[in-house]
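# Notes for the structure review
Spelled out from the first residue to the last, the chains are:
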Amino acid sequence: MTGTTDLVVNGERVTVRADARTSLARVLREQLRCTSVKLACERGECGACTVLVGGVPRMACVTPARLVGREVVTAEGLGEEARDLQEAFADHGAFQCGFCTAGQLVHAVAVLRGPVPGGAELEPYVRRRLSGNICRCTGYNGLVDAVCAVAEARA
Amino acid sequence: MSIGERARPIDWWLRSLGLVDYTADLSEPAHLHAAVLRSPHPYALIASIDTGRAERMPGVRAVITHADFPPGALYQHRGGPLSDRPPLAGDVVRNVGQEVAAVAADTREQAEAACRAIRVRYRPRRAPLTIAEARAPGARELHRRTTGLRNVSVRWAADWGDVPAGQAAAAHTVTGAFVYPSVSHAVMEPNTTLAAWDAERELLELWTSTQAPWFIVKEVAGLLGLSRDQVICREVAVGGGFGAKSKISEHEVLAAALARKSGRPVLLELSREEEFAANKPRHRFETRLRTSADADGRISLFEADIDVDNGAYNHMGSSVLRVGVITLGSMYRPDGVRFDARLVDTATQAGGQFRGYGTPQVSLAVESQVDELAERLGVDPIELRLRNLGAEWSTTLCGYEVTTNRLGPCLEAVRDGLDWDARRRERPAGHGLGAAVGMHGSGAYAYEFANRSDAAIDLFEDGSARVRFGGADAGTGQRTILAQVAAHELGVPLDRVEVLSMDGEHTPFELGAWSSRGTHMTGSSVGQAARELADRLRTLAADKLGEGRIELRDGQAVRGDSSVPLGDLVRLSPDSVDGVLSHETSYLLEGTEMLTPDRDTANLSPTYAFAAHGAEVHVDRRTGKVSVVDYVAAHDVGRAINPTMVEGQIAGGAAMGLGAALGEELVREGGRVVNAAYVNYALPRAADLPRIRPVIVEGDDPAGPYGAKSVGEMSIIPPGAAVVNAIYDAVGVRVRELPATPDKIIDELARQEGRVRKFRIWRRPDRWWIALVRWAYPRGLHHALHRWGVRFGPGVGPGPDAEPQPEELVVAAGAKEASAALTGDAVLVGGGTDVLTEARLRPARPARLVSVGDAPELRVLRRYADADGDANAGADAGADAGADAGAEADASELRVLRRYGDSDGDGGGFGLEIGAAVTLAELAEATERLAPAIAAAVASIASPQIRNAATVAGNLVQAKRCWFFRNGFPCYKRNGALSPCYAVLGDHRFQHAAAGAHRCQAVTPSDLATVLTAYDAEVEIVGPAGRTTVPLAEFYTGPGETVLGPADVVALIRVPAAALRRQGSFEKLALYSGDFATASAALTAAVDERGAWSDVRLVLGAVAPTPWRLTAVERAVEGTTPDLATLRRLVDAELDRHADPLPGNVWKLDAAAGLVEHAAEHLSTGKGAER
Ligand code: FES
Ligand code: FES
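Residues numbered from 1 in each chain as written. Chains lettered and ligands numbered in written order. Predicted model: local features only at pLDDT ≥ 70, side-chain atom pairs only at ≥ 80, totals over all residues. Heavy atoms only, no water.

## Notes on the overall build of chain B
- Looking only at helices and strands, one finds 36 helices and 45 strands in chain B.
- Taking 32 Å as the expected radius of gyration for a compact globule of 1171 residues, we find that chain B reaches 32 Å, a close match to that expectation.
- Along the longest, intermediate and shortest principal axes, the C-alpha atoms of chain B span 100 × 75 × 75 Å.
- Here chain B holds 1171 residues, and the buried ones make up 66% of them.
- Counting contacts in chain B only where the partners sit at least 6 residues apart, residues at least 24 apart contribute 77% of the total.
- For chain B, the computed accessible surface area is about 39700 Å², with 49% contributed by carbon and sulfur atoms. (Helix = DSSP H or I, 4+ residues; strand = E, 2+ residues; numbered from the N terminus. Rg over C-alpha atoms; globule rule 2.2 N^0.38 Å. Buried < 20%, exposed > 50% of the residue type's maximum accessible area, 1.4 Å probe, protein only. Contact = heavy atoms within 4.5 Å. Areas by Shrake-Rupley, 256 points an atom, 1.4 Å probe, with all protein chains shown as cover.)

## Some remarks on the overall build of chain A
- Counting its regular elements, chain A contains 5 helices and 5 strands.
- Element order for chain A, N to C, with α for helix and β for strand: β-β-α-β-β-β-α-α-α-α.
- For chain A, the C-alpha radius of gyration of 16 Å lies close to 15 Å, the compact-globule estimate for 155 residues.
- Taking the principal axes of its C-alpha atoms as reference, chain A extends roughly 50 × 30 × 20 Å.
- Roughly 5000 Å² of accessible area belongs to chain A as shown, and the carbon and sulfur atoms make up 46% of that amount.
- Seen as two clouds, the 18 positive and the 17 negative side-chain charges of chain A have centres 8 Å apart. (Lys, Arg positive; Asp, Glu negative; His and termini not counted. Charge placed at Lys NZ, Arg CZ, Asp CG, Glu CD.)

## Observations regarding the interface of chain A and chain B
- Each partner contributes residues to the interface: chain A has 67 residues there, and chain B has 81 residues.
- With both chains or domains summed, chain A and chain B bury close to 6100 Å², and 56% of this area falls on carbon and sulfur atoms.
- When residues of chain A are sorted by the area they lose upon contact with chain B, Arg21, Arg43 and Arg136 of chain A head the list and together hold 17% of the total.
- Put simply, aspartate 145 of chain A and arginine 691 of chain B hold a salt bridge, and the shortest N to O gap is 2.6 Å.
- The tally of links between chain A and chain B comes to 37 residue pairs in polar contact (both at pLDDT 80 or more). (Buried area = accessible area lost by both parts, 1.4 Å probe. Salt bridge = Lys/Arg side-chain N within 4 Å of Asp/Glu carboxyl O. Polar contact = N/O pair within 3.5 Å; in protein donor to acceptor, adjacent residues only side chain to side chain.)

## Considerations on the sheet that holds strand E19 (residues 452-460) of chain B
Residues and elements named next belong to chain B.
- Overall, mixed pairing links the 4 strands, which are arranged E21-E20-E19-E25 in an open sheet. Since the sheet does not close on itself, it has two edges, and those belong to strand E21 (497-501) and strand E25 (580-588), each with one partner. Within the sheet, the average angular offset between the axes of one strand and its neighbour, ignoring direction, is 20 degrees.
- When E19 meets strand E20 (residues 465-469), the two strands line up antiparallel, connected through 4 bridges. Bridge pairing links alanine 456 to arginine 468 in E20.
- Its contacts with the sheet put helix H15 (residues 518-545) on E19, E20 and E25, and the angle it makes with E25 is roughly 135 degrees. (Pairing = 2+ DSSP bridges. Axes fitted to C-alpha atoms, helices over the stretch in contact; angles between N-to-C directions.)

## Some points on the confidence of the model for chain B
All names here are of chain B.
- The predicted model of chain B has a mean per-residue pLDDT of 92, with 94% of residues at 70 or higher.
- Across residues 870-896, where pLDDT falls below 50, the model places 35 contacts with residues more than four positions away in sequence or in other chains.
- For the stretch residues 898-906, pLDDT sits under 50, and the model shows 12 contacts to residues farther than four places along the chain or on other chains.
- The complex prediction reports pTM at 0.96, with the ipTM value standing at 0.99. (pLDDT = per-residue confidence, 0-100.)

## With respect to the pairing of strand E35 (residues 910-915) of chain B
Residues and elements named next belong to chain B.
- Counted residue by residue, E35 has 6 buried out of 6 residues, so it is predominantly covered.
- Of the two faces of E35, the one holding Phe910, Leu912 and Ile914 and the one holding Gly911, Glu913 and Gly915 are both buried throughout.
- Inspection of the sheet shows E35 paired to strand E40 (residues 1049-1055) by 4 bridges, in the antiparallel sense. Paired with glutamate 913 across the two strands is arginine 1054, which belongs to E40.

## Focus: the sheet that holds strand E13 (residues 285-293) of chain B
Residue and element names in this part refer to chain B.
- Pairing in this open sheet of 5 strands is mixed, and the strands run E7-E15-E14-E13-E8 from one edge to the other. Two strands bound the open sheet, and with one partner strand each, they are strand E7 (152-161) and strand E8 (172-180). With direction set aside, neighbouring strand axes in the sheet form an average angle of 5 degrees.
- Taken together, the 9 bridges between E7 and strand E15 (residues 336-345) define a ladder with antiparallel strand orientation. Within E15, the residue paired with aspartate 159 across the bridge is arginine 338.

## Thoughts on the domain arrangement of chain A
Residue and element names in this part refer to chain A.
- You can read the domains of chain A as domain 1 (3-77) and domain 2 (79-154).
- Its C-alpha centre places domain 1 at a distance of 22 Å from the equivalent point of domain 2.
- With 17 residues of domain 1 at the interface, the matching set in domain 2 holds 11 residues.
- Summed over both partners, the interface of domain 1 with domain 2 comes to about 1100 Å²; 65% of that surface belongs to carbon and sulfur atoms.
- Inspection of the domain 1/domain 2 interface yields 0 salt bridges. (Domains from an automatic or database assignment.)

## Some thoughts on the side chain of glutamine 96 of chain A
- Tracing the backbone shows glutamine 96 of chain A in the loop between helix H2 (83-92) and helix H3 (101-113).
- A distance of 3.5 Å separates a polar atom in the side chain of glutamine 96 of chain A from the backbone oxygen of cysteine 137 of chain A.
- The residues contacting glutamine 96 of chain A, other than those within four sequence positions of it, are Cys137 and Thr138 of chain A together with Arg15, Gly475, Gly648 and Gln649 of chain B.

Structure (structure tokens):
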């Protein structure tokens, strides 16, 4: 690799090697050992590599590392904010194999930072918002239940 | 926590953070990376393989071919004459994707480049690609088989029970032909192996994504000429199996062979494309079934003729066929069953083992016909099933000795759960209810030792315990369930129990998790080990506490008031070694039998699970789209050891079954998978499914551990038939070939209603040439072009000499600068979402990227004073928004926009200016109130994550999404004039043009293009010649092709004030949420107080090569309030006047017209919808 770029990842400033077309996901996994960022398609179609860039969920596998420009947060860096979601994930059967889960968790954290509708609107809203994250194991039941439960508990 | 409790997964904290290590996450041992060279031909003789160049390439450490394996090495699988597959192809390849060579190098990119440098001389030959072709006289025989039938690997034909009695009793008979297609597991973790060879100890270590390490050891040892104790699997997290990882694939032995040859550890990860196109999907079944019943509705006879598509090799086809056939003789109690089933070789990827194992395929036929009989008999379908239930404690025609059977209560649970009777009586139009049932074993006696499971438990001095078992948990929760079992028996808190799985050195013998045997077999062996250890602990405790009743609880042995911690007993035991008291045991299951070639019936499993599912669907008659709105899945699981996990298996399996029912299918063209990507494979996303309502019908099965039966496979069996039965109930369309995609519904509805479209091509001279070419395609033209293109075209991938180029990144501050940097091969990047995918698939180009994503001038999003607007207000708006807004000003601008949108009329004189690098998410937010139709269109694009990155201009100028073009087919657009368009003869039902197509049948994929055309948008372009403005309606020159020159950059999109004042709606038909449009319609019109429309724009997307304005309709409705019927008539007339569909996409015209009706209905509300 010929170039380098500076990133802020989970609060730490780091310099990483990256070509023009090196993805953020590869940098995170291979150079920073953030292996919560999973690669299931490497074409921006499944959500397993979801990270927050400037607080916004993005597919790290199709984000050029040198064009990131804002702070990156992976599941490793979610900290306390994710605790109730993690517990709800475990209690509602939101994951089975767990391969999609860090991506789901990161995305769910972002969803719950924003305003969420209540009542009957909540579940369809959560389903729409999480539709970029494929889960092949759970049929989404547990995931949606868990996110809805936390949304209601936090409201 | 113990049996029956909703315990959390034992590793929930780390697993929910993604911090358990899957194979590709391991950094230790440090390793090389591997890539596989695969056959591009469905069938070819291999004249030579030259690896010389590849071996000399940078970073390359080992290259292997068939010559690196012992001569005649074959995967064993079922063994004997059924073994037919070499680890790497020798003198012939029999399917696209078959492994020919593999390379290990320092980086994956180097390994891939070296693969491309291997020269293989193929001599392609014609070979059968479908069951029908394979069975046709004269078809090439792919293998020498012993059945005496052409390309039939296995034939199984027999009568069970009393067939003549069944015939005699028949008062009603239904017949039909059913197809369950080849579908992919699409496991989220791609198959991956890390292999390390210790030359000194001659020991191979494997970390591999498997459900059954023992099978891997057996096959790898066999293929490499090692003994089984020279191969050791280690524990690693496994990301989903569903059968895909329950037997060996190819990555295991290839990684192992590369590790041995290079002397270094090697990691081989399949890509997602390989996972779809080269792994072993569900076997396609073509089932012709006749079902008879007597006058009272008692099913008397099943007669079946079944062809199973084996693919090119016997992987698990023979047993999948058997288990599929057994469906006929297992669940109901007919007098007789007659079947003739064939496993047919085709030159396609071999089928494999997949959750349900043949049963979903045959169940589709059986359960559809039960409904057809119910209709004939005038009996409620659930009632008819209740009349035909098998008995408990009985032997079925296929030899199953059924223990408990709670299918009756399951059916009642569906009836109650869906409020079946009332909802079938009073259902709204387009709604329908359907049910189906199924049955599955709990671990088949399919192999030697499959009736045995060993397990061990260690107790430590600190009182904690560890379960050791040789199987693997790919996500079913088996590790947690076994910990619960051990905790229960030993009286140890669950959080004091850990589990070691998979490790061949440290765990006892166990065949693994397949055939739903996990809970039964290992639950039994771990339970037995724990009970035996508990007995030993009680004996030890008696020494200390005295004789009497001793209980183990809370980590103590308790007798009356006195107790001793279990850890102390470990210390006391003379058998403890290094502070660990271990106990190992072997559980042997009695009473089950193997299916052998000389017997047709067998009691394969100790217990059998049952389930009834019920679906409520809504069928949109206008578009053919089926949505499941409610789903109840009731399962007889015996006793649930962990109800949350049981419910998870039910919901997960049902969802997967619904995917197969509604959208999933591996599509092939010329033997090659066309849709080898999640974007092209319509598996359900969260918004595509209702909440699946699992119902656990508990019982207590004396044969199961703690009364439990299996559940993991059962749940995928009924959904197919439940859905097609519900569709029939809704609209009277009987779908016999899954998936039930909109085209099938629309085609059948059109047939029922007698609607025929006439295109009168003979009166349209501009289409004559196209018609002639299309006529010639199947008559040799396609074949000739394909051959020419492949031989003489420049090729689709990088050529063998192409190595990754040094790259350059230019970050442009504005449009002008970007334009200046666009020289040679340079490519413009907005969000980068498309560029990186292209880079991975076609690494040779480009060398220079020009980024405009952060260019302030392209990030503006503001109202501007339109010429026709109120100038004063315009000035205000300009001031508010900030004329020189940069990236940092986005947020405040968006707020301003929302304020404008809030109150009607405010800002009515302003247009909307959208910078090229504004993201889709930002555009959606800005237009939510201002132009909800635009926001609705944006919300239907891809995923939230992509919308957060992808830019407006990137969306508008994206290349066509034709799955042949995108997925590497050497098509005319990629490979030059000598190549064919693969869509003409290939599957063009969803993605291709039904009007106006020329040589390329693709469409412009951008939804934004469709909706913005209806808003009269203009595109401002900056290029070498300066600034120009082009109406969006004139921006596209072809499918995904624009007027842009090589150095032109889109700077701005303008939506005029007049358009924003109109009402708008956007409607889209897609196969799953976020998919590209199969068809879409955007409508804008000014609607006056009386409801009359003026200034109408009606645009169809994905129907013609470019967004298609229906100008005749626009003119005809101008100034009127069109009713839906009139509008539909006008639209149909214009479609018929201009359309020239391919045979498979005529239906899209109906769907598009249907979307216009939806759009008209929603015009007043401004809401749009994705359908
Ligand atoms: S791996 Fe990034 S979206 Fe699938
Ligand atoms: S938990 Fe396995 S893919 Fe989601």
